[in-house]
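An overview of the molecular structure
So you can see what is in the structure, the chains are spelled out below.
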Amino acid sequence: MNRGAFIVIEGIDGSGTTTQTALLEKRLTASGRAVVSTREPTGGPVGSMIRQVLTKRLREPSGAPFNASTMALLFAADRVDHGAVLITPALASGAVVISDRYDHSSVGYQGLTGKLPFAEAAFWLRAINTRAVRPDLVVVVDIDPREAENRRRARGGAEELYEVAALQAHLCTYYSNLSKYFPEDTIVHVDGSRGTDDVGAAIDRAVQALFFRQLEQRKAGELEEQLEELLEDNRAPKP
Ligand SMILES: Nc1ncnc2c1ncn2[C@@H]1O[C@H](COP(=O)(O)OP(=O)(O)OP(=O)(O)O)[C@@H](O)[C@H]1O
Ligand SMILES: [Mg+2]
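In this report, the structure presented in the accompanying data block is examined.

Cut-offs used in this document
Residues numbered from 1 in each chain as written. Chains lettered and ligands numbered in written order. Predicted model: local features only at pLDDT ≥ 70, side-chain atom pairs only at ≥ 80, totals over all residues. Helix = DSSP H or I, 4+ residues; strand = E, 2+ residues; numbered from the N terminus. Near = placed C-beta within 6 Å. Nonpolar A, V, L, I, M, F, W, Y, C, P; charged D, E, K, R; others polar.

Further remarks concern the environment of A158. Checked against the element boundaries, A158 lands in the loop between α6 (145–155) and α7 (165–176). A158 sits 102 residues away from K56 along the chain, and the two C-alpha atoms are 9.8 Å apart.

Moving on to the site of ligand 1. Looking at ligand 1, there are 15 residues lining it, with G16, T18, T19, R151 and R155 nearest. Breaking the shell around ligand 1 down by element, the ones donating at least two residues are α1 (17–30), α6 and α9 (196–235). Of all the elements, α6 adds the most residues to the shell around ligand 1, at four residues. A per-class count over the shell around ligand 1 returns two nonpolar, nine polar and four charged.

Its place among the elements puts T38 in strand β2 (residues 35–39). Taking the C-alpha atoms as reference points, T38 and H82, separated by 44 residues in sequence, lie 9.1 Å from one another.

With that out of the way, let us pick up unusual backbone geometry. With omega at -5°, the peptide bond leading from E40 into P41 counts as cis. Secondary-structure assignment places P41 in the loop between β2 and α2 (45–54). We note that K56 has phi near 65°; this positive angle belongs to a residue other than glycine. By the secondary structure assignment, K56 is in the loop between α2 and α3 (68–92). A positive phi angle, close to 80°, is found at R101, a residue other than glycine.

In structure tokens, the structure reads:
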């Protein structure tokens, strides 16, 4: 069984990552692929705890929110769980896994809310996430933070922990430089200010390019194996 594909959708709050994850799942399922759609924080035990902190239902005994390092370690633990319970088995079964956020969010959100200088924090955040399964493709939905805020307002619901204008503006800059912090990942930016279908079409182009690359790599691997067998046959002593 060929390994499936691991796709991550990233962006600031309100950029449309959840909308686009659902749409991509729908399109790929309709095209006949096995798809597992997921998100971070996950619905697992550590992820559920993180969601309580994000929605301000769980706080320190003093009433303060958890500090950035505690959050970073919780997210890293949730991610190890995510890999073991869902991502790795799904990829092994040949499915396409789409995750609404991944460790790129951890570096941005916890890196920008802690006390350390960002570069130092980013280094530590990457270090505690070295066990994370690397994605084959990361799609960043770029959007102006004010537009994203308007969308969040229109969507309604209470403001979550990180939904603060100044932080969102810094996150926007971080996401535009994402390849600096994740040089080994394939990162594609799409214009999130466009309509939902146009954003989806841009994501599709990146996903189809990934599938094409994977196919070419598989073909090259098979050819190499055949060549190896031929050489082996020629090396064998003639009876
Ligand atoms: N391209 C788009 N154009 C206009 N509105 C959009 C677009 N994409 C999503 N929206 C709307 O904007 C709101 C935010 O979208 P969504 O929940 O997908 O964002 P998100 O990035 O997942 O946000 P969060 O980070 O808060 O979970 C929703 O009400 C959604 O319907
Ligand atoms: Mg969302």
